[in-house]
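Analysis of the macromolecular model
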Amino acid sequence: MTAHTSTTRLTVAQALVRFLAAQYTERDGVRRRLIGATWGIFGHGNVAGIGQALVEYADVMPYHQGRNEQAMVHAAVGYARQSNRLSTHAVTTSIGPGATNLVTGAALATINHVPVLLLPGDVFAARPADPVLQQLEVPYAGDVSVNDCLRPVSRYFDRITRPEALIPAALNAMRVLTDPVETGAVTLALPQDVQAEAYDWPEEFFAERTWAVRRPGADPAELAEAVTAIRAARRPLLIAGGGVHHSRAEEALAEFASATGIPVASTQAGKGSLRFDHPQDVGGIGHTGTATACELARTADLVIGVGTRYTDFTTASGTLFQHPGVRFLNLNIAPFDGHKLAGTPLIADARSGLAELTEALAMHGHRVDAAYAAEYTEDKERWEQRVDACYEADEPDVRPTQPQVLGVLDTLVDETDIVINAAGSLPGDLHKLWRARSRDQYHLEYGYSCMGYEIPAAVGVKLAAPERPVWALVGDGTYLMMPTEIVTAVQEGIAIKVVILQNHGYASIGGLSESVGAERFGTAYRFPSDDGTYTGPPLPVDLAANAASLGMRVLRARTVAGLRDALAEARAADTPTCVYVETKTTDTVSGAPPAQAWWDVPVAETATRPSAVKARELYERHVSTRRRHL
Ligand SMILES: Cc1ncc(C[n+]2csc(CCOP(=O)(O)OP(=O)(O)O)c2C)c(N)n1
Ligand SMILES: [Mg+2]
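None of these values were measured; they are calculated from a predicted model. (Residues numbered from 1 in each chain as written. Chains lettered and ligands numbered in written order. Predicted model: local features only at pLDDT ≥ 70, side-chain atom pairs only at ≥ 80, totals over all residues. Heavy atoms only, no water.)

Before going further, it helps to spend a moment on a nonpolar patch on the surface. Taken together, the side chains of Phe42, Val47 and Tyr63 make up a nonpolar region of the molecular surface, amounting to roughly 250 Å² of accessible area. Mapped onto the fold, Tyr63 is located in strand 5 (residues 63-65). (Patch = residues over 30% accessible without salt bridge, like charges linked within 9 Å, V, L, I, M, F, W, Y side chains within 5 Å. Areas by Shrake-Rupley, 256 points an atom, 1.4 Å probe, with all protein chains shown as cover. Salt bridge = Lys/Arg side-chain N within 4 Å of Asp/Glu carboxyl O. Helix = DSSP H or I, 4+ residues; strand = E, 2+ residues; numbered from the N terminus.)

What follows is the structure, given as structure tokens:
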């Protein structure tokens with residue numbers, strides 16, 4: 001330390017908490033706290049370090065008490081996504097199982113490009129008495145701890161083995177969290193002895209620091225090439241991905257679509273980029289998409305991907321785009337995604353890039369053919385009628401189907417409501433059916449499709465948007481996976497709404513299992529029958545009573561009419577409220593329209609059971625339609 005620098009003596013944990021409280025982001029003239037709060041579950045490895053620092057600095061760093069470490073990450077992701085990635089939470093854990101419980105949450109954050117800061121405790125750096133409680137011993141590598149599991153799922157990983165190493169590590173962590181290309185889970189593993197160690201920190205380390213979140217514009221040559229490609233296309237289709245939301249490019253997209261007449265389909269992460277009733281919105285794309293979007297994709301000669309990763313659900317596992325001369329133009333801030341499907345890259349922020357495209361095309365007065373526009377307008381109208389038919393419930397006194405539950409909710413929400421889901425048969429139904437009324441109403445986590453994300457994410461979303469109705473829609477299997485953060489919602493009076501759709505097991509995987517010749521094996525929540533399969537009576541499990549036991553107010557809905565009353569009451573509630581409903585099963589998985597495009601789930605190449613043999617024949621027919629775009 002140079003003589004003229006003033007210093008403050010603090011522990012590493014205290015210094016980190018003070019540092020985090022002074023970090024800000026700025027974009028489009030809006031400045032906000034980068035780390036809005038810290039979630040924590042304490043044990044050895046953080047109780048005396050970060051735990052002590054959080055009580056010492058409670059005035060500058062809000063704290064939330066979690067129940068499960070994975071759930072804390074989900075809450076942080078929900079908060080960050082609702083904050084347009086400009087603010088997030090930190091998550092502190094003890095060493096060992098508390099730390100490894102972070103892995104699933106970290107993978108989810110990184111895959112979805114959502115920032116979260118993870119602070120797992122780690123074994124002693126000085127190693128005075130190995131092994132400590134919960135320490136993994138690796139005979140061939142003395143520097144490995146269980147926290148190394150977090151390396152592949154983190155966009156930045158560092159282990160703070162000396163106090164002064166915190167300075168570059170903390171700055172790198174902030175750089176990655178606020179970088180629109182790099183962002184995801186950032187892990188600073190904190191050996192428990194180092195957390196408690198004191199050091200003389202330069203005062204500048206604690207000064208307020210603002211991280212500008214950049215919006216790079218397009219390279220002129222790439223822009224010119226993009227304009228040429230769009231002008232030459234007869235049947236262009238735009239696919240809006242999650243990047244449109246991250247960049248807050250929805251208005252720029254609406255202007256582009258209105259000006260050019262190019263139809264816009266959306267991925268799970270991108271849905272809501274256009275309002276459902278925008279003339280160019282053709283709904284979800286791919287395996288869970290609408291007939292309108294899938295048909296346009298099959299015949300498109302130019303696919304303009306904006307902020308999309310082109311997952312297998314989007315591309316129907318490589319079978320969706322069938323025009324012989326189809327080309328891809330990819331507007332993406334990440335070169336990695338911009339080059340996918342041998343596309344023409346347009347590397348830029350989605351909002352900047354779309355605005356530049358709109359302006360350049362306007363000079364040519366570019367617009368798609370009227371016949372093309374008439375074609376998708378008609379198809380869009382036809383799909384809306386199918387949605388109406390799924391939503392309608394003629395008999396108010398019987399159990400609703402799953403789409404009818406969505407239909408009732410559809411009549412109650414306005415543009416302020418936020419609907420959260422991640423796994424089961426709901427993502428498919430929602431992608432096909434949901435009418436997104438505002439840019440952030442549709443909150444699907446489908447990068448990792450992690451059962452259990454919904455309830456903790458709702459808590460995080462509600463913390464970021466306290467005035468808005470926030471709904472976690474969960475299947476019964478998903479509810480059982482992670483109801484833990486209900487307790488946090490009750491403790492802190494976070495008025496989330498949880499809707500449990502009971503169908504006695506994994507309806508989605510059951511349907512998939514049947515289609516691949518696995519005969520629904522192990523997918524229903526039923527007692528075993530004589531042949532050893534679980535096909536006996538349903539289990540006497542009462543999830544409504546379970547939610548009530550955790551402190552939630554619970555409304556049981558037995559009929560369509562009862563559901564309407566319960567959802568309306570839940571919507572008006574200002575305390576955490578649960579609606580429990582048994583859904584009626586139908587011949588498709590849930591009563592929604594069947595898949596309009598394929599999804600590759602490899603089927604047994606040899607089997608004795610006829611169901612599998614038949615499934616394989618169909619599988620091979622689908623595989624033969626796959627294309628490699630070069
Ligand atoms: C953590 C996790 N484990 C396993 C899966 C695989 N999986 C996807 S959907 C599903 C079943 C979901 O059941 P439920 O929530 O009841 O919804 P339903 O299928 O009945 O609509 C499973 C096991 C997953 N997505 N996430
Ligand atoms: Mg279920």
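Picking up after the structure, the text goes on.
Right, let's talk about the side chain of Asp429 for a bit. Tracing the sequence through the fold places Asp429 in helix 17 (residues 426-433). As a buried residue without a salt bridge, Asp429 has its nearest oppositely charged side chain in Lys432, at a separation of 4.9 Å. At 3.0 Å, the side chain of Asp429 forms a polar contact with the side chain of Gln402. The contact partners of Asp429, leaving out residues within four places of it in the chain, are Gln402, Pro403, Leu406, Trp434, Ser590 and Ala592. (Buried < 20%, exposed > 50% of the residue type's maximum accessible area, 1.4 Å probe, protein only. Lys, Arg positive; Asp, Glu negative; His and termini not counted. Polar contact = N/O pair within 3.5 Å; in protein donor to acceptor, adjacent residues only side chain to side chain. Contact = heavy atoms within 4.5 Å.)

A separate point is the sheet that holds strand 13 (residues 264-266). Across the sheet, six strands lie side by side as 14-13-12-15-16-17; this open sheet has parallel pairing. Of all the strands in the sheet, the pair left with one neighbour each is strand 14 (281-284) and strand 17 (344-347). Between one strand axis and the next, the sheet turns through 20 degrees on average, direction left out of account. Bridge count between strand 16 (residues 327-332) and strand 17: four bridges; the pairing is parallel. Each bridged residue has a counterpart across the sheet, and for Asn332 the counterpart in strand 17 is Ile347. (Pairing = 2+ DSSP bridges. Axes fitted to C-alpha atoms, helices over the stretch in contact; angles between N-to-C directions.)

Residues Ile230, Leu238, Phe256, Ile304 and Leu354 are the most contacted members of the largest nonpolar core, which totals 51 residues. Looking at this core, the element that brings in the most residues is helix 14 (residues 350-362), giving five residues. Among residues more than four places away in sequence, those in contact with Ile304 are Ile230, Leu237, Leu238, Ile239, Phe256, Ile262, Tyr310 and Leu329. (Core = buried A, V, L, I, M, F, W, Y, C linked by side-chain atoms within 4.5 Å.)

Spatial relationships are all this shows, so hold off on functional conclusions.
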